[in-house]
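Spelled out from the first residue to the last, the chains are:
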Amino acid sequence: MNTFNVPTRNEVSENNQAIFDNLNKALGFVPNLYATYAHSDTALENYLTFSNAKTSLSAKEKEVVNLAVSEVNQCVYCLSAHTAIGKMNGFTDEQILELRTGAASFNSKLDALARLSRNITENRGDTDDEVLENFFNEGYSKGNLIDVISLVGDKTISNYIHKTTQVPVDFPEVQPLEIVAV
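Overview of the structure. (Residues numbered from 1 in each chain as written. Predicted model: local features only at pLDDT ≥ 70, side-chain atom pairs only at ≥ 80, totals over all residues. Heavy atoms only, no water.)

## Some words on the packing of helix α3 (residues 43–51) against helix α9 (residues 142–165)
Link 1 in the chain: Running from N to C, α3 and α9 point in directions that differ by 145°, and their axes come no closer than 11 Å. Considering only the axes of α3 and α9, their crossing is left-handed. Residues Tyr 47, Phe 50 and Ser 51 of α3 form the contact with α9, whose participating residues are Ser 150, Asp 154, Lys 155 and Ser 158.
Link 2 in the chain: Broken down by class, the residue content of the contact of α3 with α9 amounts to two nonpolar, three polar and two charged. (Axes fitted to C-alpha atoms, helices over the stretch in contact; angles between N-to-C directions. Helix = DSSP H or I, 4+ residues; strand = E, 2+ residues; numbered from the N terminus. Left-handed = near helix turned anticlockwise from the far one by under 90°. Contact = heavy atoms within 4.5 Å. Nonpolar A, V, L, I, M, F, W, Y, C, P; charged D, E, K, R; others polar.)

Structure below.
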């Protein structure tokens with residue numbers, strides 16, 4: 001099998017070097033998955049533009065989606081990163097574990113969002129009518145729905161990149177729940 005290195009600043013294009021510099025300033029490091037995007041001269045910039053674009057979802061709601069999608073796709077890297085980010089957004093360890101299952105008994109609106117995110121991902125967009133109706137009944141709009149679907153796609157791309165490249169996880173590592181439960 002072909003192995004993937006995590007490229008260093010000196011191994012990427014000038015454009016990606018500038019992005020690495022900005023990430024170092026903002027985060028204090030370049031996450032391995034972001035560096036992996038830099039194997040392409042354009043993918044890292046495109047990903048960060050899409051990932052950081054305006055959305056109707058709050059930072060906390062985005063983490064609900066990220067956790068549910070990454071669990072369905074069993075991406076250790078993204079589960080690890082978004083567990084850390086979820087904590088920074090105020091979720092407890094117990095809430096994060098529940099969000100990963102696609103539920104949030106502690107908040108009915110976030111529960112509808114988590115259930116929708118899991119359902120969209122599991123069913124590849126063939127969303128269950130009852131799940132969708134519950135999402136709207138909790139006060140979400142059609143615009144919110146489109147933003148959720150966009151975020152599911154965004155996170156799925158990162159999940160697939162990591163699952164394909166298997167670059168090292170540089171966050172406190174967590175395992176998919178099915179593995180933990182054994």
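Having put the structure on the table, let's press on.
## Details of helix α5 (residues 76–88)
The periodicity of an α-helix, 3.6 residues per turn, causes residues three or four positions apart to be oriented the same way.
Link 1 in the chain: Across its 13 residues, α5 extends 19 Å between first and last C-alpha, which sits within 8% of the 18 Å expected from 1.5 Å per residue.
Link 2 in the chain: Inspection of α5 places Val 76, Tyr 77, Cys 78, Leu 79, Ser 80, Ala 81, His 82, Thr 83 and Gly 86 among the buried residues, and these make up the whole buried set.
Link 3 in the chain: On its buried side, α5 packs onto α2 (32–37), α4 (59–72), α6 (93–100) and α9.
Link 4 in the chain: Positioned one or two residues after α5, Gly 90 has a phi angle of 100°, which is positive. (Expected span 1.5 Å × (residues − 1). Buried < 20%, exposed > 50% of the residue type's maximum accessible area, 1.4 Å probe, protein only.)

## Remarks on the environment of Asn 144
Link 1 in the chain: Along the polypeptide, Asn 144 turns up in helix α9.
Link 2 in the chain: According to the relative accessible area criterion, Asn 144 is buried, its value standing at 11%.
Link 3 in the chain: Considering only alpha carbons, one finds Asn 144 and Leu 113, 31 residues apart in sequence, at a separation of 9.8 Å.
Link 4 in the chain: A polar contact of 2.8 Å, which involves the side chain of Asn 144, links it to the backbone nitrogen of Ser 141. (Polar contact = N/O pair within 3.5 Å; in protein donor to acceptor, adjacent residues only side chain to side chain.)

## Observations regarding a negative patch on the surface
Link 1 in the chain: On the surface, Asp 126, Asp 128, Asp 129, Glu 130 and Glu 133 cluster together to form a negatively charged patch.
Link 2 in the chain: With respect to the helices, strands and loops of the structure, Glu 133 is situated in helix α8 (residues 129–137). (Patch = residues over 30% accessible without salt bridge, like charges linked within 9 Å, V, L, I, M, F, W, Y side chains within 5 Å. Areas by Shrake-Rupley, 256 points an atom, 1.4 Å probe, with all protein chains shown as cover. Salt bridge = Lys/Arg side-chain N within 4 Å of Asp/Glu carboxyl O. Lys, Arg positive; Asp, Glu negative; His and termini not counted. Charge placed at Lys NZ, Arg CZ, Asp CG, Glu CD.)

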